[in-house]
Amino acid sequence: MHDDRFIHDPAQALDPLGEVERLNDEGIKKNRAKVGSARPSSLLYTYGPGSIMDLPNFTVMPAGLDDWERIWARRDGVPEIKAPRLREVVRMMLGATDVQLRPHPWQPKRSNRSAEGDDLGVPSRIFPQWMRCTGCDMLGGLAQFEYTNTHPFRPDLAIFEHVGCPGRRGEKRQKQTGGKKSRRPAVPARYLLVCEQGHLDEFPYDHWVHHWQACPEAERPVLKMTDRTAGKGASATIQCAACQARRPMNEAQNDRRKLPGCRGRHPHLDAFEDNECGLETRLMLVGASNLWFPATQSIIVMPETKDEQATSRADDVRTALGEDLADAATWPKSALRRLLGSQGIDLSGASDDELDALLVAAAQPVVTVEEQAERLRDWDPVDLLVPEWIYLQKDPLGPGHRDEASGLVLSWRDRDAHLPKKITRVLAVEKLRKVNALVGFTRVDDMDRAGDLPSRLVPLTRKRPKWTVATEDRGEGIFLQLDEAAVADWEGHVLKSCLWAAHRDANRRNFWRRFSETAKSVEPDSRLKPPRYWLVHTLAHVIIREAAMTCGYGAASLSERLYAWPAAEGRPPSAGLLICTTASDSDGTLGGLVQLSQPERLAELVNGALYRAERCSSDPICANRTPRDNEDFLHGAACHCCAMASETSCERANRFLDRRFLVDLSCGEGLGFFDHVS
């Protein structure tokens, strides 16, 4: 990912804080920079770079990470989130030799009117920049409207207005009001153009209404967007006030051949692809759910092995010394320790020989971009989960065993006699740290729906990235492990069943219908999760629904982390789950969830969840739901009444769920794991 891939005008650099400071120095009273606020989690999963965020009166698009550098440059030091295992994966996915994980540029305030953190924030652009007046339906660019944002503590009052709006009745209304023209709010025009490679562009209303010709009556005609019909789809009509040409927007929705080819625009980077994309575009609304899908990776931070610690420390030293690494061996050791200590690398306890060995390790050749690409081709997201599964197989040294480096606190829990025997192991995860990193995004298709993800991942920067944004959450949870022998025996039985054959066929139909044109080379069966995943996933959902009734957290605050894969080369089999709650503050560790891991309470929780899973208020329709003929849904006996969870809880958007794999239903094939006897 290089600068020469994009066509970009450096003179248009985004620096909202710098612009405000410049105007203040000139004594000009001007609008303020801040236009809104959001939680870090929403800026990662909902409103990251390239998305469109709804503000009270207009919409903005968070800019690419290049523009964030001007924000960080206002501080002496840049904070970094330590998660070496995640950092390695992020490097590989971004094709970079070294990448830092940084939090969002934010600082808490002591009060609403204090000034801490005013020099920090996420830079954004107004997008789309076509606006429609709510008073007269005039459709125009930003320059035709007046922007007001002067209240220091009310960014929600920022607004674009059409000054001199004549209203929809025009001259007749002006006569009634004595010739006075009003100020009416303007709202974003709601249509956009998008392609499957993630490019996004404004809809060319002026060209559209004139059928790609110039207006015969005016060089810059006044346009109007009227909406006289009610119903679904693109119901607006574009009208030229000069030549009276009219054209409905539903033409653009019904026939993609009438739309222009993609220009390869990335508005979050303020750049175009060097080589024009040329793919077909499609009409999309500003608030469409498939406009922006984040591509994220996350880990539960586990204690590092000695080899991992050595690699991580060498990476830190190489990053801290930079170009001085080659000469560092000749420096006095005391000076070197002070310098590295100022960068957060404590080497006060290391001997001179250990320090020399560390410098040698840091000077080793880094993995090249080509090697990163080779690794990515063979990489499986499950690889991130394997170290967590392996560590969770180890018994804690005692109650509340704490690892200082990772912050992980584990306690062993005895099994209650009434807990289902196929749940063989229970751990109370009293404290955990979860780190989430953004590596890009996709449009039209979700990340896990794109089989050719590396080529379709929209970049976050114009040049090869040196960092990406991440969040750090803390929380608690319960870890349950299933009997591997029982799972393997049950899985072999399921693979031969008619129900599994139906799910496999539905997955193939779903794959070919929903995947982008660029993903045709992917084998559908490779994207179908194995039966044990359906089992563990469904169990996690019913436990989340049951736990929400007693643990003090809402169901939407609980999430799943699933460990469910068969044995493979270098990878032990797994069948377990972690139900956890995380937050960016202390709310993630209130203790209510860990209390449910007590033997008697856990047995009551699991048995209650399995009991409720046997019936649904939508039965027998839900219990008999099996994809047939032309159907392509990716779940079976599961619905929002019995097994589905909120979007924040489920890692697979409520796909790969079926109660018949969990317990025997009256209409099932006897495939319930907790009823299966080998």
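This text follows the structure it describes.
Rules of the game
- Residues numbered from 1 in each chain as written.
- Predicted model: local features only at pLDDT ≥ 70, side-chain atom pairs only at ≥ 80, totals over all residues.
- Heavy atoms only, no water.
- Core = buried A, V, L, I, M, F, W, Y, C linked by side-chain atoms within 4.5 Å.
- Buried < 20%, exposed > 50% of the residue type's maximum accessible area, 1.4 Å probe, protein only.
- Helix = DSSP H or I, 4+ residues; strand = E, 2+ residues; numbered from the N terminus.
- Contact = heavy atoms within 4.5 Å.
- Pairing = 2+ DSSP bridges.
- Axes fitted to C-alpha atoms, helices over the stretch in contact; angles between N-to-C directions.
- Parallel < 35°, antiparallel > 145°, perpendicular 65-115°, else oblique.
- Left-handed = near helix turned anticlockwise from the far one by under 90°.
- Nonpolar A, V, L, I, M, F, W, Y, C, P; charged D, E, K, R; others polar.
- Phe/Tyr/Trp six-rings, centres within 6.5 Å; stacked < 30°, edge-to-face > 60°.
- Salt bridge = Lys/Arg side-chain N within 4 Å of Asp/Glu carboxyl O.
- Expected span 1.5 Å × (residues − 1).
- Polar contact = N/O pair within 3.5 Å; in protein donor to acceptor, adjacent residues only side chain to side chain.
- Disulfide = S-S within 2.5 Å.

What follows deals with the nonpolar core. By size, the foremost hydrophobic cluster in this structure holds 51 residues, and its most contacted members are Leu 482, Leu 539, Ile 543 and Leu 662. Looking at this core, the elements that each hand over two or more residues are strand S22 (423-442), strand S23 (467-482), helix H14 (484-495), helix H15 (498-514), helix H16 (531-547), strand S24 (559-565), strand S25 (574-583) and helix H18 (599-613). Counting residues per element, this core draws most heavily on H16, at ten residues. Excluding anything up to four places from it in sequence, Leu 482 contacts Lys 422, Ile 423, Thr 424, Val 487, Leu 535, Val 536, Leu 539, Ala 575 and Phe 673.

On strand S14 (residues 237-240), burial covers both faces: Thr 237 and Gln 239 on one face and Ile 238 and Cys 240 on the other are all buried. Two elements, strand S13 (residues 223-226) and S14, share four bridges in a ladder whose sense is antiparallel. Bridge pairing links Lys 224 to Gln 239 in S14. Summarising the sheet, S14 and strand S15 (residues 246-248) pair through three bridges and their orientation is antiparallel. Within S15, the residue paired with Gln 239 across the bridge is Arg 246.

Another aspect to go through is the packing of H16 against H18. At their nearest, the axes of H16 and H18 sit 9 Å apart, and the two run at 110° to each other. In terms of orientation, H16 and H18 fall into the roughly perpendicular class. Like other packed secondary-structure pairs, H16 and H18 cross with a definite hand, here right-handed. From H16, Leu 539, Val 542, Ile 543, Glu 546 and Ala 547 reach across to H18, where they touch Leu 605, Val 606, Gly 608, Ala 609, Leu 610, Arg 612 and Ala 613. For the contact of H16 with H18, the class distribution of residues is nine nonpolar, one polar and two charged.

Turning our eyes to something else, we now look at the sheet that holds S13. The strand order across the open sheet formed by eight strands is S8-S9-S10-S6-S7-S13-S14-S15, and the pairing between neighbours is antiparallel. Strand pairing shows two members of the sheet lacking a second neighbour, strand S8 (146-148) and S15, which therefore form its edges. Averaged over all pairs of adjacent strands, the angle between strand axes in this sheet comes to 35°, irrespective of strand direction. Bridging between S8 and strand S9 (residues 159-165) involves three bridges; their strand directions are antiparallel. Of the residues in S9, the one forming a bridge with Glu 146 is Glu 161.

The next point concerns the pairing of strand S11 (residues 191-194). Remember that side chains alternate between the two faces of the sheet whenever the strand is regular. Of the two faces of S11, the one lined by Tyr 191 and Leu 193 and the one lined by Leu 192 and Val 194 are each fully buried. As judged from the four bridges shared by S11 and strand S18 (residues 282-285), these two strands associate in the antiparallel manner. Looking across to S18, one finds that Leu 192 is bridged to Met 284. Where S11 meets strand S12 (residues 200-202), three bridges bridge the pair, whose relative direction is antiparallel. The partner of Val 194 across the bridge, within S12, is Leu 200. Hairpin remark: S11 followed by S12, antiparallel, with five residues in the connecting loop; positive phi at Gly 198, about 90°.

Inspection of the entire model under this criterion finds 23 aromatic pairs. Aromatic side chains Trp 389 and Phe 479 sit 5.9 Å apart centroid to centroid with 65° between the ring planes, which places their arrangement in the edge-to-face category. With Trp 389 in helix H12 (residues 386-392) and Phe 479 in strand S23, this pair connects stretches of sequence that are 90 residues apart. Each member of the pair, Trp 389 as well as Phe 479, is classed as buried. Ring centres 5.7 Å apart and planes at 75° place the aromatic pair Trp 500 and Trp 534 in the edge-to-face group. Of this pair, Trp 500 sits in helix H15 while Trp 534 sits in helix H16; the two residues are 34 residues apart in sequence, bridging distant segments of the chain.

Bringing the pattern of salt bridges into the picture now. On inspection of all chains with the given rule, the structure shows 50 salt bridges. Members of the salt-bridge network, linked through shared partners, are Glu 80, Lys 82, Arg 87, Glu 88, Arg 91, Asp 98, Asp 315, Asp 316 and Arg 318.

The next point concerns H16. In a regular helix each residue adds 1.5 Å, so 17 residues correspond to 24 Å; H16 covers 24 Å between its end C-alpha atoms and thus fits that length. Within H16, 16 of the 17 residues are buried, which leaves it mostly tucked inside the rest of the structure.

Within the element layout of this structure, Thr 442 appears in strand S22. With relative accessibility at 0%, the residue Thr 442 sits in the buried group. A distance of 2.6 Å separates a polar side-chain atom of Thr 442 from the backbone oxygen of Asp 445.

Now for the environment of Ser 235. Position of Ser 235 among the secondary structure elements: in the loop between S13 and S14. A residue is classified by how much of its surface remains accessible, and Ser 235, at 18% relative accessible area, is buried. The spatial distance from the C-alpha of Ser 235 to the C-alpha of Ala 143 is 26 Å, given a sequence separation of 92 residues. At a separation of 2.9 Å, a polar atom in the side chain of Ser 235 contacts the side chain of Asp 227.

Considering all chains together, one arrives at zero disulfides under this definition. In this structure Cys 165 is a free cysteine whose sulfur lies 3.6 Å from that of Cys 133, the closest cysteine sulfur available. In this structure Cys 165 comes out as buried when scored by relative accessible area, which is 0%. Lacking any disulfide linkage, Cys 642 is separated from the closest cysteine sulfur, that of Cys 622, by 3.7 Å.

The strand order across the open sheet formed by three strands is S12-S11-S18, and the pairing between neighbours is antiparallel. On the outer flanks of this sheet lie S12 and S18, each paired with one strand and no other. The mean inter-strand angle of the sheet, taken between neighbouring strand axes irrespective of direction, is 40°.

Turning next to unusual backbone geometry. Across the junction of Phe 127 and Pro 128, the peptide omega takes the value 0°, indicating a cis bond. Take Pro 128: it is sitting in the loop between strand S5 (124-126) and strand S6 (130-133). The amide bond that connects Asp 619 to the next residue, Pro 620, takes the cis arrangement and shows omega of 5°. Its place among the elements puts Pro 620 in the segment after H18. One non-glycine residue, Val 444, lies in positive phi territory at about 70°. Mapping Val 444 onto the fold places it in the loop between S22 and helix H13 (453-456). Among the residues examined, Val 444 registers a relative accessible area of 12% and is labelled buried. Phi is positive for Ala 653, close to 55°, though the residue is something other than glycine. Looking at the element boundaries, Ala 653 is found in the segment after H18. Its relative accessible area of 52% is what places Ala 653 among the exposed residues.

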